[in-house]
Amino acid sequence: METANSSNILSSTFYLTGIPGYEEFHHWISIPFCLLYLLGIVGNSTILHIVWTDPRLHEPMYYFLAMLSLTDMGMSLHTMISLFRVLWSISREIQFNTCVVQMFFIHTFSFTESSVLLAMALDRYVAICHPLQYATILTPTLITKIGIAALLRSALPVIPNVARLAFFPFCHSHTLSHSYCLHQDVICLSCADTKFNVIYGLVRITLLWGMDSLGIFVSYVFILHSVLKISSQEGRFKALNTCASHICAVLILYVPMIGLSIAHRFAKHSSLLIHIFMAHIYLLVPPVLNPVIYSVKTKQIRQGVLCLLFPLKISSSVM
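Residues numbered from 1 in each chain as written. Predicted model: local features only at pLDDT ≥ 70, side-chain atom pairs only at ≥ 80, totals over all residues. Heavy atoms only, no water.

Draft legend 1. Structural detail: the UniProt feature "transmembrane region" (unreviewed entry) in the protein. Those places that UniProt annotates as "transmembrane region" (unreviewed entry) correspond, in this numbering, to residues 28–51, 63–88, 100–122, 134–152, 207–228, 240–260 and 272–293. Structurally, residues 240–260 is divided into 90% helix and 0% strand, and its ends, taken at the C-alpha atoms, are 30 Å apart. The span residues 272–293 is 100% helical and 0% strand by assignment, and the distance between its end C-alpha atoms comes to 31 Å. (UniProt positions renumbered as here; feature names shortened; annotations may be inferred. Helix = DSSP H or I, 4+ residues; strand = E, 2+ residues; numbered from the N terminus.)

Following this line, the structure appears as structure tokens:
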């Protein structure tokens, strides 16, 4: 009985990993991570502030952009604390319940970001292919429903995976290979039959990301078909230019995502540094680069950022 209790206590604690082999440099390594997290949080907060305060940006495209920024911040905040606890040598321990909650939010926001990118692709499709009906189709009520549906569609399928972890014994090593909890990382430590979690997780990823990527692809097929009908080259370029930021955001999310999935499925015996590097790219690059891309490529957002940075100069130039 005593052994069983001690086993349960042990299985309730996991140990996070920083950058193996570079432990003495963790404090220095934390500096670029700190700057990247700060850039991501400040950038996404700035976009949310601009969209919220500027009545001219109360349009479907910018509402979806605000959803993307919220999702990016959700992904950043739920990994930031545990990462810096490890890099600053505060503690490598993470309790099982905390690990499960962190895992749930990481995977939920990851799927939500993909769903929001699908919604943004549909927004571009309606704007380019049906411009006269744009405001009547994408009403604020419909946008709200799309946002709620994207969140529920992403959160509910994650629950079976994380709920089953409560019934798994963890009799192997309790050391995770990342500085935060990922489902595919945790189940590798279980000595129970994890076949359901593996198959269900693979089906869930295939269906959700597959449907989103297919929807995005089909939207751009229709967009391209509509753009090619525009007679002037300038008109075609202008129409496609409105999609440039979204295409970059799609690539920024899906390329690291696919890379991380391939590394976990087919490169299990490769260097642990590769897995850690891919995971950090997957979770850090979208929140950091999305605000930069939309600030550079979207005139209204760029003007809003300049107004925040140089309010007197911008106001005087407008006058």
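On we go from here.
Draft legend 2. Representation of helix H13 (residues 299–309) in the model. By the burial criterion, the buried members of H13 are Ile 301, Gly 304 and Val 305. When H13 is viewed along its axis, its buried side chains cluster within an angular range of 100 degrees and face the same direction. Those residues of H13 hidden inside the fold are in contact with helix H2 (26–53), helix H3 (60–87) and helix H12 (272–297). (Buried < 20%, exposed > 50% of the residue type's maximum accessible area, 1.4 Å probe, protein only. Arc of directions from axis to C-beta. Contact = heavy atoms within 4.5 Å.)

Draft legend 3. Looking closely at the pattern of salt bridges. According to the stated counting rule, one finds three salt bridges in the structure shown. Two residues, Asp 54 and Arg 56, come together in a salt bridge whose shortest N-O distance is 2.9 Å. The exposure class of Arg 56 is exposed, given its relative accessible area of 59%. Note that Arg 124 is salt-bridged to Asp 123, the shortest N-O span being 2.9 Å. Residues Arg 124 and Asp 123 agree in their burial class; the two are buried. (Salt bridge = Lys/Arg side-chain N within 4 Å of Asp/Glu carboxyl O.)

Draft legend 4. Summary view of the packing of H3 against helix H4 (residues 96–129). Where H3 contacts H4, the axes come no closer than 9 Å and their chain directions differ by 160 degrees. As the angle between them shows, H3 and H4 are arranged roughly antiparallel. The handedness of the crossing between H3 and H4 comes out as left-handed. Considering only residue class, the contact of H3 with H4 consists of 14 nonpolar, eight polar and four charged. (Axes fitted to C-alpha atoms, helices over the stretch in contact; angles between N-to-C directions. Parallel < 35°, antiparallel > 145°, perpendicular 65-115°, else oblique. Left-handed = near helix turned anticlockwise from the far one by under 90°. Nonpolar A, V, L, I, M, F, W, Y, C, P; charged D, E, K, R; others polar.)

Draft legend 5. Structural view of the nonpolar core. Within the largest apolar cluster, 67 residues are counted, with the highest numbers of intra-cluster contacts made by Phe 14 and Ile 301. Elements with a minimum of two residues in this core: H2, H3, H4, helix H9 (195–227), helix H11 (244–266), H12 and H13. Of the residues forming this core, the biggest block, 15 residues, is contributed by H4. Those residues in contact with Ile 301 that lie beyond four places of it in its chain are Ile 47, Ile 50, Val 51, Leu 57, Tyr 62, Leu 65, Tyr 294 and Ser 295. Formed by nine residues, the second largest nonpolar core is a distinct cluster that contains Ile 29, Phe 33, Leu 83 and Phe 84. (Core = buried A, V, L, I, M, F, W, Y, C linked by side-chain atoms within 4.5 Å.)

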